[in-house]
Amino acid sequence: MVDAPPMTSATATRAPRIEGRVRLASGRDLGFAEYGDPTGRAVLWFHGTPGGRRQIPPAARVAADELDVRLVALERPGIGASSPHLYPNVLGWAADVEEAAD
């Protein structure tokens, strides 16, 4: 087990490095936020319900910086900056994630 880095007032409120929307080929948007090293290994974060792109715990934000990870939070359809959409099956979300990651 790895101990979490110590929290300070400066690290506990660390804002996303960048956030916005990714436009999909379908014309829909997926909201996102990035934390950590912009050139680091990409790790995708999927929020719970309810939740959103800023639901990253403070310890994960600090760890992303310290481990040289590019932590990318994608918002599910209808949440935050993401367009509403009803998928016919769970594979539709996987296809959207793949497109956003590209």
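Residues numbered from 1 in each chain as written. Predicted model: local features only at pLDDT ≥ 70, side-chain atom pairs only at ≥ 80, totals over all residues. Heavy atoms only, no water.

A. Representation of the environment of Ala100 within the structure. Topologically, Ala100 is positioned in helix H3 (residues 91–101). By relative accessible area, which is 19% here, Ala100 ends up buried. For Ala100, the residues in contact, after removing those within four places along its chain, are Val22, Leu24, Leu30 and Leu74. (Helix = DSSP H or I, 4+ residues; strand = E, 2+ residues; numbered from the N terminus. Buried < 20%, exposed > 50% of the residue type's maximum accessible area, 1.4 Å probe, protein only. Contact = heavy atoms within 4.5 Å.)

B. Examining the sheet that holds strand S4 (residues 69–74) more closely. Taking strand neighbours across the sheet as the criterion, the 4 strands line up as S1-S2-S4-S3 in an open arrangement whose pairing is mixed. Two strands in the sheet have a free side with no partner beyond their single neighbour: strand S1 (18–23) and strand S3 (41–46). Averaged over all neighbouring strand pairs, the angle between strand axes comes to 30°, with direction disregarded. Pairing geometry for S1 and strand S2 (residues 29–36), over 6 bridges, is antiparallel. In the sheet register, Arg23 faces S2, and the bridge partner there is Asp29. Lying on the sheet, helix H2 (residues 58–66) is in contact with S2, S3 and S4; it crosses S2 at an angle near 65°. (Pairing = 2+ DSSP bridges. Axes fitted to C-alpha atoms, helices over the stretch in contact; angles between N-to-C directions.)

C. Broad picture of the side chain of Ser83. Note that Ser83 resides in the loop between S4 and H3. Not counting residues up to four positions away in its chain, the partners in contact with Ser83 are Arg28, Asp29, Pro77 and Gly78.

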